[in-house]
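Here is what each chain is made of, one letter per residue.
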Amino acid sequence: MHNNIIDVLYSKQPQMSVTDRKITAVILADPAVPVNMTISELAKAATVSDASVSRFCRNLGLAGFHELKIELAKVAENQDSYYRSIDPRDLQKSLQAITDNKVAEITGTLKHTAAATIDSILGVLAAASMIQVAAEGDTFPVAADAVYKFNQLGILAVADQSWETAIGQTMNLPVGAVLLVISNSGETRNLLKQIAVAKEKGIAIIALTNRSDSPIALQADWHIMTAVRQKILQSEYFFSRVAAMSAIEALFLLLLARNKNYLQHIKQHEALVATTKV
């Protein structure tokens, strides 16, 4: 398995069956414990059947329970790799939990994607005639940040919070343009429509999602998987902008390191906006 098993569990959890969620909850509570369990012991702890555990392993793309234990053993010693729960009754503990979660998100995100893939993405972005960044809802601030950073480097980038306007932009993308799609779930219908339009025009597509098997990830030419650790209101819905912003920041810094001419463009931009500051 290429990805950290803990990241895989977090990314797949929102789409899991009730039974698979029960097994996942036992594992994520302390990944080191199931390493020394039998399949029957894990099934009992999750109040499911042995067959359900076997099916759970297959749903993760694993050969069986033994492979699950191997993958868990790889990460069991790294306590920072899994989710810390937030206790509103203990503010200090909660702040530390949030810190641990965010560090795990950043670390997981920046380690996920193969260097060869990042190298290809950097080449495509650097050669792009224009970059359109597409995102919706709570993820749009990440798109806005990406647009700011790419334009600072001297690469024309656009985005629009109105999907009607955004799809119009996609329809008008020039030859050599790139569509960068940012989606937590990787399932947003409107973004999939944009991808379809871009594909018809032969536009290169880069996706940032927290599921490698999501529809958007599968439609993209290149995919960066983001690691997510933060629950919203203690629900089963995981969401974070930190992971996606870290990926954008990494691309920005790597592009800058590759081409020092970008630094001159940043300095010119900073000089132009300096008069707006006190």
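Before any of the text, the structure's been laid out above.
Residues numbered from 1 in each chain as written. Predicted model: local features only at pLDDT ≥ 70, side-chain atom pairs only at ≥ 80, totals over all residues. Heavy atoms only, no water.

Engineer: Explain the overall build of the protein chain residue by residue, including any values.
Structural biologist: Helix and strand content of the protein chain: 14 helices and five strands. Across the 278 residues that make up the protein chain, the buried fraction comes to 46%. Taking the intrachain contacts of the protein chain between residues at least 6 apart in sequence as the baseline, contacts between residues at least 24 apart amount to 69%. For the protein chain, the exposed area adds up to about 13500 Å²; of that, 56% sits on carbon and sulfur atoms. (Helix = DSSP H or I, 4+ residues; strand = E, 2+ residues; numbered from the N terminus. Buried < 20%, exposed > 50% of the residue type's maximum accessible area, 1.4 Å probe, protein only. Contact = heavy atoms within 4.5 Å. Areas by Shrake-Rupley, 256 points an atom, 1.4 Å probe, with all protein chains shown as cover.)

Engineer: Tell me about empty space enclosed by the protein, and please be specific about residues and values.
Structural biologist: Tallied over the entire structure, the rule returns two cavities of 30 Å³ or more. Of the pockets and cavities examined, the second largest cavity occupies roughly 40 Å³. Forming the walls of the second largest cavity are Val133, Ala134, Ala135, Glu136, Ala159, Asp160, Gln161, Ser162, Trp163, Ala166 and Gln194. Of all the secondary structure elements, the ones that give two or more residues to the lining of the second largest cavity are β1 (131-134) and α10 (163-171). (1 Å grid on protein atoms, 1.4 Å probe; cavity = no way out; pocket = protein on both sides within 12 Å on 5 of 7 lines; lining within 4 Å. Points joined across faces, edges and corners; volume = space filled by probe spheres on them.)

Engineer: With reference to specific residues and values, describe the sheet that holds strand β3 (residues 178-182).
Structural biologist: In space, the five strands of this open sheet follow the order β2-β1-β3-β4-β5, with parallel pairing throughout. The strands lining the two open edges of the sheet, one partner per strand, are β2 (157-158) and β5 (222-225). Relative to β1, helix α9 (residues 140-153) is tilted by about 165°, and along the sheet it contacts β1, β2 and β3. (Pairing = 2+ DSSP bridges. Axes fitted to C-alpha atoms, helices over the stretch in contact; angles between N-to-C directions.)

Engineer: Explain the nonpolar core to me, using residue names and the numbers behind them.
Structural biologist: Within the largest apolar cluster, 34 residues are counted, with the highest numbers of intra-cluster contacts made by Leu125, Ile131, Val133, Phe150, Leu153, Leu180 and Ile182. Breaking this core down by element, the ones donating at least two residues are α8 (115-127), β1, α9, β3, β4 (204-209), α13 (242-258) and α14 (261-273). Filtering out sequence-adjacent residues up to four positions away, Leu125 remains in contact with Ile131, Phe150, Ile155, Val178, Ile206, Leu251 and Leu255. Core analysis: the second largest hydrophobic core is formed by 23 residues, Ile5, Leu28, Phe56 and Val75 among them. (Core = buried A, V, L, I, M, F, W, Y, C linked by side-chain atoms within 4.5 Å.)

Engineer: Now, about the packing of aromatic side chains: what can you tell me, with residues and values included?
Structural biologist: A full pass over the atoms with the stated rule returns zero aromatic pairs. A cation over an aromatic ring shows up here: Lys149 above the ring of Phe252, its NZ or CZ 5.9 Å from the ring centre. (Phe/Tyr/Trp six-rings, centres within 6.5 Å; stacked < 30°, edge-to-face > 60°. Lys NZ or Arg CZ within 6 Å of the ring centre and 35° of its normal.)

Engineer: Tell me about the pairing of β4, residues and numbers included.
Structural biologist: The buried fraction of β4 is high, at six of six residues. The alternating pattern of β4 places Ala204, Ile206 and Leu208 on one face and Ile205, Ala207 and Thr209 on the opposite face, and all of these are buried. Where β3 meets β4, five bridges bridge the pair, whose relative direction is parallel. Within the sheet, the bridge partner assigned to Ile182 lies in β4 and is Leu208. Each parallel crossover has a hand, and the one from β3 via helix α11 (residues 189-200) to β4 is right-handed. Here β4 pairs with β5 via four bridges, running parallel. Paired with Thr209 across the two strands is Met225, which belongs to β5. (Right-handed = clockwise from strand over helix to strand, strands pointing away.)

Engineer: Give me the pairing of β1: which residues, what numbers.
Structural biologist: Side chains Ile131 and Val133 project from β1 onto one buried face, and the interleaved Gln132 and Ala134 project onto a second face that is buried too. Direction of pairing for β1 relative to β2: parallel, over a ladder of two bridges. Paired with Gln132 across the strands is Val158, a residue of β2. In this region the chain leaves β1, passes through α9 and returns to the parallel neighbour β2; the handedness of that crossover is right-handed. In the sheet, β1 pairs with β3 via four bridges, with the strands oriented parallel. Paired with Val133 across the bridge in β3 is Leu180.

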